[in-house]
Structure formats: structure tokens, C-alpha cells
Amino acid sequence: MVGMEHVVTRPREPFTSADGRLEVHQIPSWKDNLIWLVVCKETGEATAVDGPEAAGVLAYCEEHGFRLTQVLNTHTHPDHVGINRDLEKRGLLDEVQVVGPGRKAEAVPGIDRGVDEGDEVMIGTCTGRVLLTEGHIDGHVSYVFDDLLFCGDTLFGAGCGYLFDGPPAKMHASLEKLATLPADTKVCCAHEYTEDNLRFAWTVEPDNEALAQRIREVWALRARGECSVPSTMGEERATNPFLRTSSATLRDRVAHAMERVLESDGDVFAATRALKDRKDYKTLADQDLPVG
Ligand SMILES: [Zn+2]
């Protein structure tokens with residue numbers, strides 16, 4: 001994928017989190033992947049969360065004097081475990097501890113430790129925990145370190161991952177689990193997809209003022225090549241259609257579009273995902289968005 005231009009040309013500035021104990025760096029990779037490099041301030045150890053390849057991370061560590069000691073994988077798609085294979089090819093995987101989904105350990109190159117719901121993981125001296133968040137693909141896990149959430153392809157800015165393995169009920173349960181995290185939790189997802197997701201969101205909840213505000217903010221950021229993530233869980237709860245199954249407007253709009261009666265929140269989630277997959281919203285013009 002050499003020479004492919006990334007949709008983010010100006011990554012987020014590094015920020016500290018977890019009471020200043022962790023420093024988080026964002027490394028764009030391939031076309032729209034976001035690799036999160038998390039550095040323990042006390043030990044200088046760096047952990048990469050997912051990634052299609054290793055080159056960007058290795059160059060970044062070299063430039064900043066970080067020591068890459070660990071990879072945390074959320075799931076087994078090639079653009080998330082590609083970094084493992086690349087490190088292996090370079091003869092560097094032995095120096096790196098690989099932690100990944102225990103339920104799919106056989107598909108995680110170089111895995112040292114498979115993890116599952118409730119397990120603890122470390123970045124340097126900082127302890128995090130594992131949440132099982134299946135639905136995108138079997139075995140998918142997310143990692144929470146204090147106010148940081150690394151959720152792979154489960155929750156995106158204003159969206160959620162495709163249901164490759166599903167079923168919808170599993171993804172819905174995973175999203176509900178993530179939605180219980182505190183409002184200031186930083187949602188560090190694995191792709192910059194927010195604009196596309198917001199375009200869909202507006203078609204199902206056009207009376208949501210927080211959504212209108214977010215669309216304006218994200219359009220401005222993206223016009224400058226900046227990244228729209230991490231967002232916060234508070235923002236996601238207020239604007240992400242896949243966390244807003246209780247919105248009367250959203251329920252009505254989705255039921256109408258799908259010509260179905262929707263009873264439970266699970267039904268609303270499944271129908272909302274199916275409606276987005278139909279891609280009708282792609283034709284919604286910018287002039288029909290609240291971006292003026
Ligand atoms: Zn994926």
C-alpha cells in the first residue's frame with residue numbers, strides 16, 4: 001500500500017490520559033486505518049493497538065525514542081493483525097509481546113497471550129481491562145485503560161462496524177456494553193469513517209441538535225485534513241445512531257424506510273444497521289446537511 005494517501009493528513013497531536021500516566025499517539029496507516037501508539041510515561045514502553053503494517057510505527061518509535069514492547073490486537077482482520085506479520089518478517093516479533101482475542105488465538109500471528117472478557121492487560125505500569133465485543137467478527141475484544149477505550153472495529157465515530165459474523169444481537173450487546181463507559185471516555189477506534197457515518201446519522205435523526213453540531217465540527221476538521229477521533233463516549237451517546245435506539249425520531253424513520261414494525265431496541269439496532277448497509281444515504285448532498 002505504498003504511496004496510498006491517507007484520508008487524515010494532519011493526525012491528532014499526542015495527548016496524555018489515565019491521569020497523565022499514558023501518552024497516546026495517533027499514526028495513520030494505509031488509507032483510513034488509525035494505529036494507536038500508547039506510551040507508559042514511567043517506563044517509556046510503547047504499545048501499538050492493531051495496525052495493517054509496522055513501518056509507520058517503527059519509524060515513529062525511532063524518531064521519538066520509544067521502545068515498542070507490545071501489540072494489542074482487537075480482532076483478526078488483516079488490517080489489524082498485519083502489523084504482527086510485518087514485525088515477524090522483520091525478525092522483530094520475538095521482542096514484542098502480542099496480546100489478542102483468546103477465542104481466535106489461532107488467527108493472531110505470534111500471539112503470546114489470548115485474552116477474554118474481564119482479563120487484565122498492562123501498558124507499562126498501567127492496568128487495563130478486556131471487554132468481549134463480538135458482532136463485527138467473532139472473538140473481537142476491546143481494551144479499556146482508565147479513560148481510554150480501544151474498540152477496534154466495534155464502535156466508530158458516529159457508527160459501528162459491519163456485521164461480518166454478527167448476529168445483530170451480539171453487536172447490539174457489545175455496543176450497549178461500551179455505552180456504559182463514562183462520558184469522558186476517549187473512543188479510540190481503528191478507522192477514520194466519521195463523515196460517512198454522520199451523513200447516514202442525519203438521515204435517521206435530523207432533529208438532533210447535538211448531531212447537527214457534530215456534523216458542523218467534523219466537516220470543518222476534515223476539510224483541514226484533521227482527524228475526527230478520538231471522540232468521547234458522551235458524544236457518541238448523543239449522536240451515534242447505533243447507540244440511539246431509544247430515539248423516537250430514529251425509530252420512526254428506520255421503521256418507515258425498512259417498512260417494518262420495530263419493537264425491541266434490538267430490532268431497531270438490526271434495522272438501523274441494515275438500512276445503513278443499503279447505502280441510500282450516500283446520495284444525500286452536503287447542502288442537505290446542517291453544515292452552513
Ligand atoms: Zn475489522
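The structure reproduced in this document is the subject of the present report. (Residues numbered from 1 in each chain as written. Predicted model: local features only at pLDDT ≥ 70, side-chain atom pairs only at ≥ 80, totals over all residues. Heavy atoms only, no water.)

**Quick notes on the overall build of the protein chain**
Counting its secondary structure elements, the protein chain contains eight helices and 15 strands. For 292 residues, the compact-globule formula gives about 19 Å, and the C-alpha radius of gyration of the protein chain, at 19 Å, lands near that figure. Counting only C-alpha atoms and orienting by the principal axes, one finds that the protein chain spans roughly 55 × 40 × 35 Å. Looking at the 292 residues of the protein chain, the share that counts as buried comes to 54%. Relative to all contacts within the protein chain whose residues are 6 or more apart in sequence, the contacts with residues 24 or more apart total 61%. The positive charge centre, built from 31 side chains, and the negative charge centre, built from 49, are 3 Å apart in the protein chain. (Helix = DSSP H or I, 4+ residues; strand = E, 2+ residues; numbered from the N terminus. Rg over C-alpha atoms; globule rule 2.2 N^0.38 Å. Buried < 20%, exposed > 50% of the residue type's maximum accessible area, 1.4 Å probe, protein only. Contact = heavy atoms within 4.5 Å. Lys, Arg positive; Asp, Glu negative; His and termini not counted. Charge placed at Lys NZ, Arg CZ, Asp CG, Glu CD.)

**Overview of the sheet that holds strand β10 (residues 141–145)**
By definition, the strands of a sheet pair up through backbone hydrogen bonds, in either a parallel or an antiparallel sense. Spatial ordering of the open sheet is given by β8-β9-β10-β11-β14-β15, a layout of six strands whose pairing is mixed. One side of each edge strand has no neighbouring strand; the edge strands of this open sheet are β8 (120–123) and β15 (231–232). Here β10 runs beside strand β11 (residues 148–152); their pairing, made up of three bridges, is antiparallel. Within β11, the position partnered with V144 by the bridge is L149. Packed onto the sheet, helix α3 (residues 168–179) meets β9 (126–132), β10 and β11 and runs at close to 150° relative to β9. (Pairing = 2+ DSSP bridges. Axes fitted to C-alpha atoms, helices over the stretch in contact; angles between N-to-C directions.)

**Examining helix α5 (residues 209–223)**
Residues separated by three or four positions in an α-helix point in the same direction, a consequence of the helix having 3.6 residues per turn. A rise of 1.5 Å per residue sets the reference length of α5, with its 15 residues, at 21 Å; its end C-alpha atoms lie 21 Å apart and thus fit the reference within 8%. On its buried face, α5 sits against α4 (194–204), β15 and α6 (233–239). Taking the backbone nitrogen of A210 as reference, a side-chain oxygen 2.9 Å away marks N208 as the first, capping residue of α5. Immediately downstream of α5, the backbone of G225 shows phi near 75°, a positive value. (Expected span 1.5 Å × (residues − 1). Polar contact = N/O pair within 3.5 Å; in protein donor to acceptor, adjacent residues only side chain to side chain.)

**Observations regarding the coordination of the zinc ion**
With distances of 2.2 Å, the protein atoms coordinating the zinc ion are H75 (NE2), H77 (ND1), H136 (NE2) and D153 (OD). Every donor counted, the four donor atoms about the zinc ion form angles of 89 to 167° at the centre, which fits irregular coordination. Taken in chain order, the donor set of the zinc ion reads H-x1-H-x58-H-x16-D. Taken together, the positions of H75 in the loop between β5 (67–72) and α2 (78–89) and H136 in the loop between β9 and β10 put the pair 61 residues apart, joining distant regions of the chain. Here the two residues H75 and H136 agree in accessibility, since each one is buried. (Donors = N, O, S within 2.8 Å, 3.2 Å for Na, K, Ca; no water. Tetrahedral: all angles 85-135°; square planar, octahedral: opposite > 155°, others 65-115°.)

**Digging into the packing of aromatic side chains**
Under the definition given, this model contains six aromatic pairs. On the basis of an interplanar angle of 75° and a centroid distance of 4.9 Å, the ring pair of F156 and Y193 is categorised as edge-to-face. Residue F156 is found in strand β12 (residues 155–156), and its partner Y193 is found in the loop between β14 (186–189) and α4; the two are separated by 37 residues along the sequence. Owing to a relative accessible area of 4%, F156 belongs among the buried residues under this scheme. Ring centres 5.8 Å apart and planes at 70° place the aromatic pair F242 and F269 in the edge-to-face group. With a gap of 27 residues between them, F242 in the loop between α6 and α7 (248–258) and F269 in helix α8 (residues 265–278) connect regions that are remote in the sequence. Grouping aromatic residues by their ring pairs yields a cluster made of F200, F242, F269 and Y281. (Phe/Tyr/Trp six-rings, centres within 6.5 Å; stacked < 30°, edge-to-face > 60°.)

**Some points on the nonpolar core**
Core analysis: the largest hydrophobic core is formed by 55 residues, its most contacted members being L22, W36, Y143, F145 and F150. Residues in contact with W36, not counting those within four places in the same chain, are F15, V24, H25, Q26, T47, A48, V49, F150, C188, C189, V229 and P230. (Core = buried A, V, L, I, M, F, W, Y, C linked by side-chain atoms within 4.5 Å.)

**Notes on the sheet that holds strand β6 (residues 97–101)**
The seven strands lie next to each other as β1-β2-β3-β4-β5-β6-β7, forming an open sheet whose pairing is mixed. The sheet terminates laterally at β1 (15–17) and β7 (113–115), the two strands that pair on one side only. With direction set aside, neighbouring strand axes in the sheet form an average angle of 30°. Two strands pair when backbone bridges link them, and β5 and β6 are joined in this way by three bridges, in the parallel orientation. Of the residues in β6, the one forming a bridge with Q70 is Q97. Contacts between α2 and the sheet are confined to β3 (33–40), β4 (45–49), β5 and β6, with β5 contributing the most and set at about 135° to the helix.

**With respect to the pattern of salt bridges**
When charged atoms on two side chains of opposite charge get close, those side chains can pair. All chains considered together, the criterion is met by 22 salt bridges. Salt bridges linked by common partners bring R10, R224 and E226 together as one network. (Salt bridge = Lys/Arg side-chain N within 4 Å of Asp/Glu carboxyl O.)

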